[in-house]
Amino acid sequence: MLRITVWNENLHEKESPEVAALHPNGLHETVAAALRTEEDFVVRTATLDQPECGLSEEVLAETDVLFWWGHMGHDRVPDEVVDRVQDHVLRGMGLVVLHSGHFSKIFRRLCGTPCSLGWHDDARERVFTVNPAHPIAQGIPAHFEIPNEECYCEPFAIPEPDELVFLAWFSTGEVFRAGCCFHRGYGRIFYFQPGHETAQSFGVPAVQQIYRNAARWAAPVKQVPEIDCPWIAPLEQG
């Protein structure tokens, strides 16, 4: 079984009737619903307003892959929670960062760069699969369209991705690295650009399949109990 936690700050849903209508159970449940179609996925959700932001040591210890959506409340996530999530990623937990989570504390810390970008509202998006052999691209067409999505623009201030899987073009002329893979310690990280709170991304079958593929790719290959620098006995006598 693959244990997944979907985290969402859950703020837009409380302040915007439009977002609440689109995500009546919260954006976290919208993403979770796409993941729960897999019989071997066990999916839970967590939100900013829960104790320890819903990301206690106990929750993270029972999480193989953490999905992260944030926008308005990046600064409201306490540093001790970010420390805890970072530790679990470095020890092997997978992390899938969606849309405006690019500016979250955890993603910026793991990247070590500003993770800034340009943006504007509402454009038609065409997503190109530029690495069709990648596990996250399995079952995804050569390109697909999202009728209405917030436009993100290069330059995207991230480290050079270890693997670029998807590239986006917008009807207003911009391009963006929409699906990027990174490795940090024992953990795998995937950033996926579609997912504005009022966009039509969440119902697109290819987007939902990418969520599922990303969860499988980010699943731990190896996990360690702690990050340390142990003394190692010499293999041979010099």
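Residues numbered from 1 in each chain as written. Predicted model: local features only at pLDDT ≥ 70, side-chain atom pairs only at ≥ 80, totals over all residues. Heavy atoms only, no water.

Some words on the environment of Arg108
Here Arg108 shows up in helix H6 (residues 105-111). Judged by its relative accessible area of 27%, Arg108 falls in the partly exposed class. On a C-alpha basis, the gap between Arg108 and Ala178 in space is 16 Å, while along the polypeptide they are 70 residues apart. Beyond its immediate stretch of four places on either side in the chain, Arg108 contacts His102, Phe103, Thr113, Pro114 and Cys115. (Helix = DSSP H or I, 4+ residues; strand = E, 2+ residues; numbered from the N terminus. Buried < 20%, exposed > 50% of the residue type's maximum accessible area, 1.4 Å probe, protein only. Contact = heavy atoms within 4.5 Å.)

Some details on the packing of aromatic side chains
Throughout the structure, instances matching the rule amount to ten aromatic pairs. Consider the rings of Trp7 and Trp68, whose centres lie 4.1 Å apart with planes at 25 degrees: the pair is stacked. With Trp7 in strand E1 (residues 2-8) and Trp68 in strand E3 (residues 65-69), this pair connects stretches of sequence that are 61 residues apart. Judged by relative accessible area, Trp68 falls into the buried class, the value being 3%. (Phe/Tyr/Trp six-rings, centres within 6.5 Å; stacked < 30°, edge-to-face > 60°.)

Focus on the pairing of strand E8 (residues 175-184)
In terms of burial, E8 is largely enclosed, as eight of its ten residues are buried. Both E8 and strand E9 (residues 187-192) contribute to a ladder of six bridges, which runs antiparallel. Within E9, the residue paired with Gly179 across the bridge is Phe192. Hairpin remark: E8 followed by E9, antiparallel, with two residues in the connecting loop; positive phi at Gly185, about 60 degrees. (Pairing = 2+ DSSP bridges.)

A few points about the sheet that holds strand E7 (residues 163-170)
Spatially, the nine strands line up as an open sheet ordered E2-E1-E3-E4-E9-E8-E7-E5-E6, and their pairing is mixed. Strand pairing shows two members of the sheet lacking a second neighbour, strand E2 (41-47) and strand E6 (143-153), which therefore form its edges. On average, adjacent strands in this sheet sit at an angle of 25 degrees to one another, irrespective of strand direction. As paired strands, E1 and E2 are joined by seven bridges and run parallel to one another. In the strand pairing of E2, Ile4 is matched with Val43. (Axes fitted to C-alpha atoms, helices over the stretch in contact; angles between N-to-C directions.)

Topic: the side chain of His74
Residue placement: His74 occurs in the loop between E3 and helix H5 (79-90). Owing to a relative accessible area of 10%, His74 belongs among the buried residues under this scheme. A polar contact of 3.2 Å, which involves the side chain of His74, links it to the backbone oxygen of Ser100. Setting aside chain neighbours within four positions, we find His74 in contact with Glu9, Ser100, Gly101, Phe103, Ser104 and Lys105. (Polar contact = N/O pair within 3.5 Å; in protein donor to acceptor, adjacent residues only side chain to side chain.)

What about the pattern of salt bridges?
Side-chain pairs of opposite charge can arise where the charged atoms are in close proximity. Under the defined criterion, the tally for this structure stands at 14 salt bridges. Where Asp64 meets Arg3, a salt bridge forms, and the shortest distance between an N and an O atom there is 3.0 Å. Of this pair, Asp64 sits in the loop between helix H4 (57-61) and E3 while Arg3 sits in strand E1, placing them 61 residues apart in sequence. Since its relative accessible area comes to 8%, Asp64 is described here as buried. Taking the relative accessible area as the measure of exposure, Arg3 reaches 32% and is therefore partly exposed. When salt bridges with common partners are traced through the structure, they connect Glu38, Asp40, Arg212 and Arg216 into a single cluster. (Salt bridge = Lys/Arg side-chain N within 4 Å of Asp/Glu carboxyl O.)

Here's the deal with unusual backbone geometry
Cis geometry is adopted by the peptide bond preceding Pro155, which originates at Glu154 and carries an omega value of 5 degrees. Secondary-structure assignment places Pro155 in the loop between E6 and E7. Within the chain, Cys53 stands out as a residue other than glycine whose phi angle is a positive 60 degrees. Take Cys53: it is sitting in the loop between E2 and H4. Residue Cys53 is classed as buried on the basis of its relative accessible area, which comes to 5%.

Everything listed is a geometric property; what it means functionally is a separate question.
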